[in-house]
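Here is what each chain is made of, one letter per residue.
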Amino acid sequence: MLASRLPGLLPPLGDEEALEVTALHSVAGILQEGLVRRRPFRAPHHTVSAGGLLGAGDPPRPGEVSLAHEGVLFLDELPEFPRSALEGLRQPLEDGAIRISRARSAATFPARSLLLGAMNPCPCGWFGFRVKGRTCNCTLDRVKSYRARVSGPMLDRIDLHAAVEPVPIAALMNEAATAESTATVRARVLAARALQRERFLRGETSAPINARLTPGDLRRVARPRKEVRELLQATMEQGKLSARVYHKLLRVARTMADLEGKTAVEWLHLSNATGFRVLDRPVDAEAA
Ligand SMILES: [Zn+2]
């Protein structure tokens, strides 16, 4: 349910984006309306083939990653997807496009989708949760081999990893009283996006959204002040944070600052960003 709400939090498609999405859906033969104005939400089942996910055929047809272009690609039960399909996603996630070459023809399809994955913490589903009457009965080795189905390089390409605790029934019933509405959250997202676009128009960055900022951009617009940099460096040296995800953390921290309308990236933004790297932590540490 959360996943399907995500496209609703994003700004509406621009004219050029709408044309691209419409063309892709038309090529794939799934176009149902005139011009597609809603951001796509694609949720292929984990039995999908690598070709179905990435694109296939001769002449080539776009796969799910391209049908989700400018929208959301949701992969539920992430570790259950064929390894070849997941690994094949790495290149389009990086480049925003995918090239399909066949004997008689080749095509490049746009594939700039927001990837959202969901997985259990272990095969039985209860590892790490403190819920009365429920305990994980998986061995540590089983948990590790389950997690390893999603490779490290793949996890590196995912900006945020969050643990979602089971929701108690009582909280579900009170949802209306406590939860923010989609409209409220959306307004905050649009305001943050507007700040990103302004920086781009002022020539401070090379992309209108934080997800596409280069290391050079980040030095200009996401560089924390000296004390915060020193704190970050100390944290990295203690091994609590890998250098590998450094730029990713800066992008996420910049976005957190934007969501608060703050100009500078503060320590709180960075430490919150590191909190969203749960799958980088070793399973043994989590069990302890
Ligand atoms: Zn388990």
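Please read these numbers as outputs of a predicted model, since none were measured by experiment.

Peer 1: Any details on helix 14 (residues 267-275)? Residues and values, ideally.
Peer 2: Taken together, the buried positions of helix 14 are His269, Leu270 and Ala273. When helix 14 is viewed along its axis, its buried side chains cluster within an angular range of 95° and face the same direction. The elements touched by buried residues of helix 14 are helix 12 (226-237) and helix 13 (246-259).

Peer 1: Any chance you could break down the nonpolar core for me, citing the residues and the numbers?
Peer 2: Taken as a class, soluble globular proteins show a tendency for nonpolar side chains to be buried jointly. In this structure, Val65, Val72, Leu73, Phe74 and Ile98 are the most contacted members of the largest nonpolar core, which totals 26 residues. Looking at this core, the elements with two or more residues in it are helix 2 (15-27), helix 3 (50-54), helix 4 (64-67), strand 4 (72-76), helix 5 (83-95) and strand 5 (97-101). Look past the residues within four positions of Val65 in its chain and what remains in contact with it is Leu53, Leu54, Leu73, Leu89, Pro92, Ile98, Ala111 and Ser113. Listed in part, the 14 residues of the second largest apolar core include Leu249, Met256, Ala257 and Leu270.

Peer 1: Hey, could you go over the packing of helix 13 against helix 14 for me, with residue numbers and the actual values?
Peer 2: For the pair helix 13 and helix 14, interaxial distance at closest approach is 8 Å and the crossing angle is 120°. Between helix 13 and helix 14, the crossing angle belongs to the class labelled oblique. Crossing angle aside, the handedness with which helix 13 passes helix 14 is right-handed. Within the contact between the two elements, helix 13 uses Leu249, Val252, Ala253, Met256 and Ala257 and helix 14 uses His269, Leu270, Asn272, Ala273 and Thr274.

Peer 1: Summarise the pairing of strand 5; cite the residues concerned and give the values.
Peer 2: In strand 5, alternate side chains face the same way, and those of Ile98 and Ile100 are buried while those of Ala97, Arg99 and Ser101 on the opposite face are not. Pairing geometry for strand 5 and strand 6 (residues 106-110), over five bridges, is antiparallel. Residue Arg99 lies in a different strand from strand 6, and its bridge partner there is Thr108. Here strand 5 hands over to strand 6 after four residues, the two strands then running antiparallel side by side.

Peer 1: Please set out the domain arrangement of the protein residue by residue, giving values where relevant.
Peer 2: Interfaces are often described in size by the accessible area the parts lose on coming together. Each assigned domain of the protein is listed here: domain 1 (2-175) and domain 2 (176-280). One C-alpha centre belongs to domain 1, the other to domain 2, and the line joining them spans 23 Å. Listed as interface residues are 14 residues of domain 1 and, on the opposing side, 19 residues of domain 2. A breakdown of the residues in the side of domain 1 that touches domain 2 according to their chemical character gives seven nonpolar, three polar and four charged.

Peer 1: Hey, could you go over the sheet that holds strand 1 (residues 41-42) for me, with residue numbers and the actual values?
Peer 2: In spatial order, the strands read 1-4-7; together these three strands make up an open sheet with parallel pairing. Only two strands of the sheet have a single neighbouring strand rather than two, namely strand 1 and strand 7 (114-118). Here five bridges tie strand 4 to strand 7, and the two strands are oriented parallel to one another. Across the sheet, residue Phe74 finds its bridge partner in strand 7, namely Leu116.

Definitions and limits used
- Residues numbered from 1 in each chain as written.
- Predicted model: local features only at pLDDT ≥ 70, side-chain atom pairs only at ≥ 80, totals over all residues.
- Buried ≥ 20, exposed ≤ 12 C-beta atoms within 10 Å, placed from the backbone.
- Helix = DSSP H or I, 4+ residues; strand = E, 2+ residues; numbered from the N terminus.
- Arc of directions from axis to C-beta.
- Contact = placed C-beta atoms within 7 Å.
- Core = buried A, V, L, I, M, F, W, Y, C linked by C-beta atoms within 7 Å.
- Axes fitted to C-alpha atoms, helices over the stretch in contact; angles between N-to-C directions.
- Parallel < 35°, antiparallel > 145°, perpendicular 65-115°, else oblique.
- Left-handed = near helix turned anticlockwise from the far one by under 90°.
- Pairing = 2+ DSSP bridges.
- Domains from an automatic or database assignment.
- Nonpolar A, V, L, I, M, F, W, Y, C, P; charged D, E, K, R; others polar.

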